[in-house]
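Letter by letter, the chains look like this.
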Amino acid sequence: MKFLIPQIFALLLGGTLHAGESEKPNVILVMTDDQGYGDLSCHGNPILKTPELDKMHAESVRFTDFHVSPFCTPTRAALMTGNHPGYTGAYRTSSGRSMMHPDEKTIAHLFAEAGYATGMAGKWHLGDNAPHRPQDRGFDDVVWHRCGGIGQASDYWGNDYFDDTYERVTPGSRVGKFEAFEGYCTDVFFREGIRFIEENREDPFFLYLALNAPHGPYRVPPEWAKPYQGNKDVANANFYGMIANIDHNMGLLRRRLEELGLAENTVLIFMTDNGTSAGAKFQGLDSEALLGYNAGMRGKKSSVYDGGHRVPFFIHWPGGGLTGGKDIDTMAAHIDILPTLAELCQIPVGPGYEPDGISLKPLLEGSTDEWPREHHVVQYHGGAYGKALPPGPLAYSTVMTERWRLVNSDGQALFDIEADPAQREDVSARHPKVVKRLRGLYDPFWEKVSPRLSPVRIDLGNPDEPKTQLCSQDWHMETGNPPWNFGSIRKLPRVTGPWLVNVKRPGRYRFTLRQWPAEAGKPVIAERARIEIAGQESESAVKSGSKGVEFELVLEAGPTSLVTYLYDAEGKAGGAYFTDVEWLGNP
């Protein structure tokens, strides 16, 4: 097991590392979206300039072998709960599998229960409806966009990264209100994060600043992309420009913390949610970079090779001795963040949490004790594009130790990551005992997560969400992905699927079926509409020019499924990609 020079590090930290008795540390966790390990100049990128993040890197403790999931939602679920994503139920980005089981408690719950103000700005991607929204999961002060990216289907109609409309939730209420904001999305989210800090500076706070950038579509004010345009070695100038803008905002955030006198006692973390999406060009998902820089790794976002899930992780806390630019090369992961922050802030992790991760505090203190983690498992349940749904054992997984990677993607391969960091040579034939051992380490992981790879339901009639706005991205498809973006929806695909729902209150409900969000004001292009829920069916003609087809049904409380159909003149049916549901009261 590899450790930082322990005696020196422990001396620098003054022995043990924890919050003072009189003043709890603040915590700010900044996570970018689709920025890879190589998308930083401090990690060797020869073109991209990130001076503010380079400065933080130089002043922080860095985990150099830190792993997340290969794509958005699973990383967020693991970060929130400390559990493997499959166990939480949120292990894909759509198809009704991006929401956590209601019994999962989050890091926001943990901090709120300890007396912290909890704030979140940016991308959530763990459910758009109750009981899965950030305000349902422990955050009091929220400004967020829906779905997996700004401008995707369930996001507010017309959002395009500039002067967008996001949902604001104020402390004391779970009912959000849409609000128009001025400016570029990243600037807005940092501005809202700083506003939260200023409003809570007299008390301890936990801020989750979850940026949607540099996720596609790659849009940024032109001045940020300009330095990279025309460079033949740059895969995507706008992608680099989005990171440059993030870097600028990180500088503004850190300077404001200094001005407010909060920097000393604030734990500041910077990380990303998966490998790069556009920092380099690849052949498929699993190649080395063909153009651009990927820090010598194989794989990009959605790959189970290291380039898909090894990411930056910087932690800075002057008051706790986490400064000075030190590397820790022991393998760590997203599931470790909750227990680590809990221990640093002296918050008990009580019943209802039980994280799979372990606290990294001993490593931060330079402990010489044997590290308890022998291995870590990353799995892309269902594979890219949902081609391997329903999820099964081993498929698209990697069993990792600090030396070995047993990859199950298109076949099984073993790599010695220390000798071969680019994962070019399969050495499984030379090390059959290693393969057998790592294969055996996978089985307990699957035994734990597989029973929880089960459907998670959306509430109907929840008092905290007066109108439930359903989107086809959450249809629970048996295989593949449902229509989740307007590129597919505008073609009116002849497909439908069930929303798995939980009727919270018995009574009369109104259902309004559409092919576009209500804000778009577009007519329904169909001849007939039909709805099926809780053993009931109802059908209606569609009036010419109608912007929504309404049904009213009386429902009992309990779990069920909702399926919609919109038929064209030939009798071919697609679903109502957008369906609003309102509880009207008792029948």
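A quick note: this is a predicted structure, and the numbers were derived from the prediction, not measured. (Residues numbered from 1 in each chain as written. Predicted model: local features only at pLDDT ≥ 70, side-chain atom pairs only at ≥ 80, totals over all residues. Heavy atoms only, no water.)

Peer 1: Would you take a moment to explain the environment of V267 for this structure?
Peer 2: Turning to its location among the elements, V267 is positioned in strand β9 (residues 266–272). Once the C-alpha coordinates of V267 and S277 are considered, the two residues, 10 residues apart in sequence, prove to be 28 Å apart. Residue contacts for V267: discarding those within four places in its chain leaves P25, N26, V27, I28, I315, H316, W317 and L341. (Helix = DSSP H or I, 4+ residues; strand = E, 2+ residues; numbered from the N terminus. Contact = heavy atoms within 4.5 Å.)

Peer 1: Help me out: how do you make sense of the pattern of salt bridges in this one?
Peer 2: Proximity of charged atoms lets side chains of opposite charge pair with each other. On inspection of all chains with the given rule, the structure shows 42 salt bridges. Here D336 ties to R373 by a salt bridge, and the two come within 2.6 Å at their closest N and O atoms. Of the two residues, D336 sits in the loop between β15 (332–333) and α10 (337–344) while R373 sits in the loop between α11 (361–364) and β16 (376–379), which places them 37 residues apart along the sequence. In this structure, D336 and R373 share a single accessibility class: buried. (Salt bridge = Lys/Arg side-chain N within 4 Å of Asp/Glu carboxyl O. Buried < 20%, exposed > 50% of the residue type's maximum accessible area, 1.4 Å probe, protein only.)

Peer 1: Would you mind showing me how to read the sheet that holds strand β26 (residues 549–555) here?
Peer 2: The strands making up a sheet associate through backbone hydrogen bonding, with each pair oriented either parallel or antiparallel. Spatially, four strands are ordered β21-β29-β23-β26 in an open sheet, and the strand pairing comes out antiparallel. At either margin of the open sheet sits one strand with a lone partner, and together these are β21 (467–471) and β26. Between one strand axis and the next, the sheet turns through 25 degrees on average, direction left out of account. Of the pairings in the sheet, the one linking strand β23 (residues 507–514) to strand β29 (residues 578–585) comprises seven bridges and is antiparallel in character. Its bridge partner being in β29, L513 is matched across the sheet by T579. (Pairing = 2+ DSSP bridges. Axes fitted to C-alpha atoms, helices over the stretch in contact; angles between N-to-C directions.)

Peer 1: I keep staring at the sheet that holds strand β12 (residues 310–311) and nothing clicks. Help me out?
Peer 2: Pairing is mixed in the open sheet, where three strands are placed in the order β12-β3-β15. Lying at the two open borders of the sheet, with one neighbouring strand each, are β12 and β15.

Peer 1: Sorry if this is basic, but what is going on with helix α6 (residues 185–199) here?
Peer 2: Along an α-helix, a turn takes 3.6 residues, which lines up residues three or four apart on a common side. With 15 residues, α6 ought to run about 21 Å at 1.5 Å a step, and its terminal C-alpha atoms sit 21 Å apart, in line with that. In terms of residue burial, α6 counts as a mostly covered element, since 11 of its 15 residues are buried. Buried within α6 we find C185, T186, V188, F189, F190, E192, G193, I194, R195, F196 and I197. Looking at the buried residues of α6, the elements they touch are β1 (26–32), β4 (117–123), β5 (141–145), β6 (165–169), β8 (205–210) and α8 (237–259). (Expected span 1.5 Å × (residues − 1).)

Peer 1: Honestly, the packing of helix α2 (residues 51–59) against α8 in this entry has me stumped. Any pointers?
Peer 2: When two helices pack together, their arrangement is given by the angle between the helix axes and by the axis-to-axis distance. In contact at an axis separation of 7 Å, α2 and α8 are set at 55 degrees when each is read in the N-to-C sense. Put simply, α2 runs oblique to α8. Within the contact between the two elements, α2 uses P51, E52, L53, K55, M56 and E59 and α8 uses D247, M250, G251, R254 and R255. Each residue belonging to the contact of α2 with α8 can be placed in one class, and the counts come to four nonpolar, one polar and six charged. (Parallel < 35°, antiparallel > 145°, perpendicular 65-115°, else oblique. Nonpolar A, V, L, I, M, F, W, Y, C, P; charged D, E, K, R; others polar.)

Peer 1: Before we go on, may I ask you to explain the pairing of β6 in this structure?
Peer 2: Looking along a regular strand, one sees the side chains alternate between the two faces of the sheet. For β6, the tally of buried residues reaches five of five residues, placing the bulk of the element in the interior. Alternating positions in β6 separate into two faces, T165, E167 and V169 on one and Y166 and R168 on the other, with burial throughout. Sheet topology note: the β5/β6 ladder contains three bridges and is antiparallel. Paired with W144 across the two strands is E167, which belongs to β6. Strand direction decides the pairing type here: β6 and strand β7 (residues 177–180), joined by four bridges, are antiparallel. Looking across to β7, one finds that T165 is bridged to A180.

Peer 1: Can you help me understand the nonpolar core in this one?
Peer 2: One recurring pattern in soluble globular proteins: nonpolar side chains tend to sit buried together. Of all hydrophobic cores here, the largest spans 50 residues; its most connected members are Y208 and L341. Residue contributions to this core peak at five residues, all from α10. Residues A121, F189, M242 and M250 belong to the second largest nonpolar core, which totals 38 residues. (Core = buried A, V, L, I, M, F, W, Y, C linked by side-chain atoms within 4.5 Å.)

Peer 1: Help me understand the environment of H84 in this model?
Peer 2: Inspection of the secondary structure assignment puts H84 in the loop between α3 (72–81) and α4 (85–88). On a C-alpha basis, the gap between H84 and V378 in space is 8.6 Å, while along the polypeptide they are 294 residues apart. Excluding anything up to four places from it in sequence, H84 contacts I335, D356, H376, V377, F445 and V449.

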